[in-house]
Amino acid sequence: MSAIVAIVGRPNVGKSTFFNRLIQRREAIVDAVSGVTRDRHYGKSDWNGREFTVIDTGGYVLGSDDVFEKEIDKQVELAIGEADAVIFMVDVETGITGMDEDVAKLLRKVEKPVFLAVNKVDNTQRLQDAVEFYSLGLGEYYPISSINGSGSGELLDDLIKVLPEKIEEKSELPRFAVVGRPNAGKSSFINALIGEDRYIVTDIAGTTRDSIDTRYNRFGFEFNLVDTAGIRKKSKVREDLEFYSVMRSIRAIEHCDVCILLLDATRGFDGQVENIFWLAQRNNKGIVILVNKWDLVEKDTQSVKQYTKAIKQAIEPFTDVPIVFISALTKQRIYKAIETAVEVYKNRSKRIPTRKLNDVLLPIIEQTPPPAYKGKYVKIKYITQLPTPYPQFAFFCNLPQYVRDPYKRFLENKLREHFDFTGVPVTIFMRKK
Ligand SMILES: Nc1nc2c(ncn2[C@@H]2O[C@H](COP(=O)(O)OP(=O)(O)OP(=O)(O)O)[C@@H](O)[C@H]2O)c(=O)[nH]1
Ligand SMILES: Nc1nc2c(ncn2[C@@H]2O[C@H](COP(=O)(O)OP(=O)(O)OP(=O)(O)O)[C@@H](O)[C@H]2O)c(=O)[nH]1
């Protein structure tokens, strides 16, 4: 998993501009590989080889032009609860505003590292103006210009110093995270599984208590359930739920091996669910989709088929993902759900010996070689699985840059056909040899 950094601040100070600067290179790469829609609120960044997840909290505030102070407070509180470090951004053009002071007040009480970034310091005159931000009582500040990039290096150098070391994904027990939209039935599912009232389940959305890594042993499987219910309290539940569930999902997904994505059958696989799905995919986590509350759906012989088809359309091109129709209420197929998650976990940790990989794939490649590109012929010589915690394959060839995405997808499909990577994102690299 990687550490989480949240960017907070009032509207228009330049959070998105800075965020885009941080994730730019990375997103470009990710998009080229998977061809999926990107989300502008969170992304991966790295600085000097240290990877971290950045969240731009601004995008979540409704009507961000004339946002209520209350809203900002909540956003900041939520962000602080889930992040490992906070970048508080202010704007030298406007100077200190009342809202800045409110946020600073919240942040002064926080024990996590806070970086005060004074943005729009595009020239030396403004460097002097920035001094006033000392009065926020947050100590040293970082003058930056998100537009031209100046100052961000110093900020990032200091930021990565305080981030927790990357925790390698080696744990003896599989870690499953149950994620989904508010009210999808996550607590009910976990309850049904554990068979005891460890979690409070009620009709009011947002009542899951704090909990991280519940060890679980049942039906002969042993695993940890990851849940980071965190800071949410009943009182400030409603409006924030969507934002909250995304924050919580990010945290939980970072921690898990397999993401159990639960959706409410009566609401369908909507945009929010899709966001969580792609977040898990981009993090190379295993994924199982559970369609919950299946007991509420009027069924005929077509229902499962139609539902499956709709979901698969939404998750193109990564459609090799198991979908299980369950009811946390009647406990229908909850065993099957866990069994499937265990299979996906195994698929994700699978290692294919180089010999076998080549024996299977080279003849296929010989029969259907990469199409000639600009008159050049690509010759793939051998393939090996990289020693990463999730499946990544290197195809060694003479002209790696000439292999296009459609052919990579062809190779991925062949890998899936022969070795079963159901539920697991697979990455393919072309390497020069
Ligand atoms: N001069 C200058 N302008 C900047 C800089 N960074 C951002 N801006 C401008 O400030 C405005 C707001 O930037 P955004 O990145 O959208 O601000 P935001 O904080 O994400 O705003 P919300 O999305 O409303 O929360 C835009 O017009 C940017 O072009 C900077 O370093 N210098
Ligand atoms: N009919 C039916 N109702 C269900 C099922 N699973 C959950 N529910 C109901 O859906 C509501 C929400 O369930 P929760 O388990 O609290 O949902 P949650 O996803 O944990 O919600 P948050 O804590 O808000 O994230 C409750 O009223 C449950 O009784 C199901 O399989 N069938």
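The rules behind each value
Residues numbered from 1 in each chain as written. Chains lettered and ligands numbered in written order. Predicted model: local features only at pLDDT ≥ 70, side-chain atom pairs only at ≥ 80, totals over all residues. Heavy atoms only, no water. Helix = DSSP H or I, 4+ residues; strand = E, 2+ residues; numbered from the N terminus. Buried < 20%, exposed > 50% of the residue type's maximum accessible area, 1.4 Å probe, protein only. Contact = heavy atoms within 4.5 Å. Areas by Shrake-Rupley, 256 points an atom, 1.4 Å probe, with all protein chains shown as cover. Core = buried A, V, L, I, M, F, W, Y, C linked by side-chain atoms within 4.5 Å. pLDDT = per-residue confidence, 0-100. Near = heavy atom within 4 Å. Polar contact = N/O pair within 3.5 Å; in protein donor to acceptor, adjacent residues only side chain to side chain. Nonpolar A, V, L, I, M, F, W, Y, C, P; charged D, E, K, R; others polar. Phe/Tyr/Trp six-rings, centres within 6.5 Å; stacked < 30°, edge-to-face > 60°. Lys NZ or Arg CZ within 6 Å of the ring centre and 35° of its normal.

*Asks:* Quick question: what am I supposed to make of the overall build of the chain here?
*Replies:* Regarding its fold elements, the chain presents 12 helices and 15 strands. By the burial criterion, 55% of the 433 residues in the chain qualify as buried. Relative to all contacts within the chain whose residues are 6 or more apart in sequence, the contacts with residues 24 or more apart total 71%. Counting every atom, the chain has about 19900 Å² of accessible surface; 50% of that belongs to carbon and sulfur.

*Asks:* I would appreciate a short explanation of the nonpolar core in the present structure.
*Replies:* Of all hydrophobic cores here, the largest spans 57 residues; its most connected members are F88, L107, F269, F277, I289, V291 and I311. Per-element tally for this core: the top contributor is helix α8 (residues 271-282), with six residues. Beyond its immediate chain neighbours, meaning those up to four positions away, F269 contacts L261, L263, E274, F277, I289, I311, A314 and I315. Core analysis: the next-biggest nonpolar cluster, separate from the first, contains 26 residues, V178, F223, V258 and A328 among them.

*Asks:* So what exactly am I meant to see when it comes to the confidence of the model for the chain here?
*Replies:* Predicted coordinates in areas of low pLDDT are best not read in detail. Put simply, the chain has an average pLDDT of 81, and 79% of its residues get 70 or more. Taken together, the stretch residues 59-67 has pLDDT below 50 and engages in 14 contacts with residues farther than four places along the chain or on a different chain. Note that residues 197-211 has pLDDT below 50 and, in this model, 41 contacts with residues that lie over four places away or in other chains. Listed scores for the predicted complex are pTM 0.68 and ipTM 0.65.

*Asks:* Sorry, what's going on with the site of ligand 1 here?
*Replies:* Close contacts around ligand 1 come from 18 residues, with K15, S16, T17, D122 and S146 the closest. Residue I147 places a main-chain N or O atom 3.1 Å away from an oxygen atom belonging to ligand 1. Coverage of ligand 1 by the protein chains reaches 75% of its 660 Å² of free accessible surface. With three residues, helix α1 (residues 15-34) is the largest single contributor of residues to the shell around ligand 1. Considering only residue class, the shell around ligand 1 consists of three nonpolar, nine polar and six charged.

*Asks:* Can you help me understand the packing of aromatic side chains in this one?
*Replies:* Between two aromatic rings, the relevant description is the distance of the centres plus the angle of the planes. Counting across every chain of the model gives 12 aromatic pairs. On the basis of an interplanar angle of 70 degrees and a centroid distance of 6.3 Å, the ring pair of F269 and F277 is categorised as edge-to-face. What links up through ring pairs into an aromatic cluster is the set F269, F277, W278 and F318. Positioned above the aromatic ring of F421 is the side chain of K350, whose terminal nitrogen or guanidinium carbon lies 5.4 Å from the ring centre. A cation over a ring is seen here: R404 above Y373, with NZ or CZ 4.4 Å from the ring centre.

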